[in-house]
Amino acid sequence: MHFPNFMQILDGIALSKTIKEEVKQVVATYTDKGKRPPHLAAILVGDNGASKTYINSKIKSCGECGFESSLFTFDASIGEAELLQKIDELNKDPKLDGFIVQLPLPKHINENNIIQAISPEKDVDGFTPINFGRMALGLPCYIPATPFGILQILERYKISTSGKHAVVIGRSNIVGKPISILLGLNQPSGNCTVTLVHSKTIHIEHYIQQADIIICALGIPHFLKSEMVKEGAVVIDVGITRVDDATLPKGYRIAGDADFENIKNKCSAITPVPGGVGPMTVAMLIKNTLLAYQRNYGDH
Ligand code: GUN
């Protein structure tokens, strides 16, 4: 049996707009009382095209929600010590509620050293060991923006997760690892039975075929095909890969990890690429910055 008539597009653009509008209204209640707005800063190192696009989108969303934003850009040749010095400065800046260091960083910089230097109170990406540990324990924290966005999609589209089998493909620190933990927690959009599969998994399709919910976060365009998808599964496609396409003005198109055309008649719901998880990541970073503002400054 096929579900073509029931296949639901999980619209991350519309949902991210709703969430940003909610944030904007909360911000207005503070600024109307004469408080300063939330302030997010971003550090961008080098000239990775995708990173620049993401940062521009984050900065733009700050403006849309009434936030102040600051962008600090550095040449790819910056040394680790200089970057750590900047992070120390931002950690100590009382006018700043949160900041992010856009990843990836140039190879000569140790990403772990950089992430661990960020104050957990300002770590609105939720990348520091303190926030990751708190997340795993179900304690108040900053949930990494992409997993947070996935949870919001599931919650707001009322996709029931309790008792369902979720298969997470990919074990990155930013997406696969945290979402595999979050889906198993005893909380809304949790209570899944979770299987985490990755590049070393033998017979990966065997596990994916059993999933009620598939989180595709491996970064291989069009990896997920119809024969791997159980009839009626929900597919969350986290892939955002630039694929060369000389017919387009930009010279590339954005491809997801799921072969949308191939699987669309098999799944019950799917996030499109672009327009699914991507915009939600930005919205949840904004939401985390509002939380940081409320925790560190606004709500007292
Ligand atoms: N690179 C890819 N995704 C992200 C993200 O969510 N935050 C940061 N800082 N870098 C990224």
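Residues numbered from 1 in each chain as written. Predicted model: local features only at pLDDT ≥ 70, side-chain atom pairs only at ≥ 80, totals over all residues. Heavy atoms only, no water.

(A) A look at the packing of aromatic side chains. Under the counting rule described, the total for this entry stands at two aromatic pairs. Taking the centre distance of 5.2 Å and the plane angle of 65 degrees together, the rings of Tyr-30 and Tyr-293 count as edge-to-face. Of the two residues, Tyr-30 sits in helix α1 (residues 12-31) while Tyr-293 sits in helix α10 (residues 277-298), which places them 263 residues apart along the sequence. Note on Tyr-30: relative accessible area 5%, which makes it buried. Among the aromatic residues, ring-to-ring pairing joins Tyr-30, Tyr-293 and Tyr-297 into one connected group. A cation over an aromatic ring shows up here: Arg-36 above the ring of Tyr-297, its NZ or CZ 4.2 Å from the ring centre. Just above the ring of Tyr-142 sits the side chain of Arg-295; from NZ or CZ to the centre is 4.8 Å. (Phe/Tyr/Trp six-rings, centres within 6.5 Å; stacked < 30°, edge-to-face > 60°. Helix = DSSP H or I, 4+ residues; strand = E, 2+ residues; numbered from the N terminus. Buried < 20%, exposed > 50% of the residue type's maximum accessible area, 1.4 Å probe, protein only. Lys NZ or Arg CZ within 6 Å of the ring centre and 35° of its normal.)

(B) Summary view of the nonpolar core. Counting 50 residues, the largest nonpolar core has Phe-67, Ile-150, Leu-183, Ile-215, Ile-236 and Val-238 as its most contacted members. Tallying contributions element by element places α10 first for this core, with nine residues. Setting aside residues no more than four positions away along its own chain, Ile-150 makes contact with Val-175, Ile-179, Ile-215, Ile-236, Val-238 and Val-277. The next biggest cluster of nonpolar side chains, apart from the first, holds 19 residues, and it includes Ile-169, Ala-233, Ala-258 and Ile-263. (Core = buried A, V, L, I, M, F, W, Y, C linked by side-chain atoms within 4.5 Å. Contact = heavy atoms within 4.5 Å.)

(C) Quick peek at the site of the ligand. The ligand sits among Lys-58, Val-101, Gln-102, Leu-103, Asp-125 and Phe-127. The contact in question runs from a nitrogen atom of the ligand to an N or O atom on the side chain of Gln-102, over 3.3 Å. Interatomic distance of 2.6 Å between a side-chain N/O atom of Asp-125 and a nitrogen atom of the ligand. Alone, the ligand offers 280 Å² of accessible surface; in the complex the protein occludes 85% of this. For the shell around the ligand, the per-class residue count stands at three nonpolar, one polar and two charged. (Near = heavy atom within 4 Å. Polar contact = N/O pair within 3.5 Å; in protein donor to acceptor, adjacent residues only side chain to side chain. Areas by Shrake-Rupley, 256 points an atom, 1.4 Å probe, with all protein chains shown as cover. Nonpolar A, V, L, I, M, F, W, Y, C, P; charged D, E, K, R; others polar.)

(D) The sheet that holds strand β7 (residues 213-216), seen in detail. The sheet built from six strands is open, its strands ordered β1-β11-β8-β7-β5-β6 with parallel pairing. Strand pairing shows two members of the sheet lacking a second neighbour, β1 (8-9) and β6 (193-197), which therefore form its edges. Summarising the sheet, β7 and strand β8 (residues 234-237) pair through four bridges and their orientation is parallel. Residue Ile-215 lies in a different strand from β8, and its bridge partner there is Ile-236. (Pairing = 2+ DSSP bridges.)

(E) Region of interest: α1. With 20 residues, α1 extends 28 Å from end C-alpha to end C-alpha; this agrees with the ideal 28 Å at 1.5 Å per step. Among all positions of α1, only Gly-12, Leu-15, Ser-16, Ile-19, Lys-20, Val-23, Val-27 and Tyr-30 are buried. Looking straight down α1, one finds its buried side chains confined to an arc of 130 degrees; they lie on one side. Those residues of α1 that are exposed and angled more than 90 degrees off the buried face are Lys-17 and Gln-25. (Expected span 1.5 Å × (residues − 1). Arc of directions from axis to C-beta.)

(F) Structural detail: unusual backbone geometry. In this chain, Leu-103 is followed by Pro-104 through a cis amide linkage whose omega measures 5 degrees. Relative to the elements of secondary structure, Pro-104 occurs in the loop between β4 (98-101) and α4 (111-117). The omega angle of the peptide bond from Val-273 to Pro-274 is 0 degrees, so this bond is cis rather than trans. At Ser-189, a residue that is not glycine, the phi angle is positive and equals roughly 60 degrees. Looking at the element boundaries, Ser-189 is found in the loop between α7 (176-182) and β6. Note on Ser-189: relative accessible area 9%, which makes it buried. Here the phi dihedral of His-222 falls at roughly 60 degrees; this positive angle occurs in a residue that is not glycine.

(G) Geometry of the pairing of β8. Burial of β8 is two-sided: the residues Val-234 and Ile-236 facing one way and the residues Val-235 and Asp-237 facing the other way are all buried. Pairing between β8 and strand β11 (residues 269-270): two bridges, direction parallel. The residue bridging Val-234 from the neighbouring strand is Ala-269, located in β11.

(H) Representation of the packing of α1 against helix α6 (residues 145-156). The interhelical angle for the contact between α1 and α6, taken along N-to-C directions, is 100 degrees, at an axis separation of 11 Å. In this view, α1 runs roughly perpendicular relative to α6, as classed from their interaxial angle. Residues Leu-15, Thr-18, Ile-19 and Glu-22 of α1 lie in contact with α6, whose contacting residues are Gln-152, Ile-153 and Arg-156. (Axes fitted to C-alpha atoms, helices over the stretch in contact; angles between N-to-C directions. Parallel < 35°, antiparallel > 145°, perpendicular 65-115°, else oblique.)

(I) Here's a closer look at the sheet that holds strand β3 (residues 68-74). The sheet built from three strands is open, its strands ordered β3-β2-β4 with parallel pairing. This sheet does not close on itself; its edge strands, each paired only once, are β3 and β4. Along the sheet, successive strands turn relative to each other by an average axial angle of 15 degrees, direction set aside. Sheet topology note: the strand β2 (residues 39-45)/β3 ladder contains seven bridges and is parallel.

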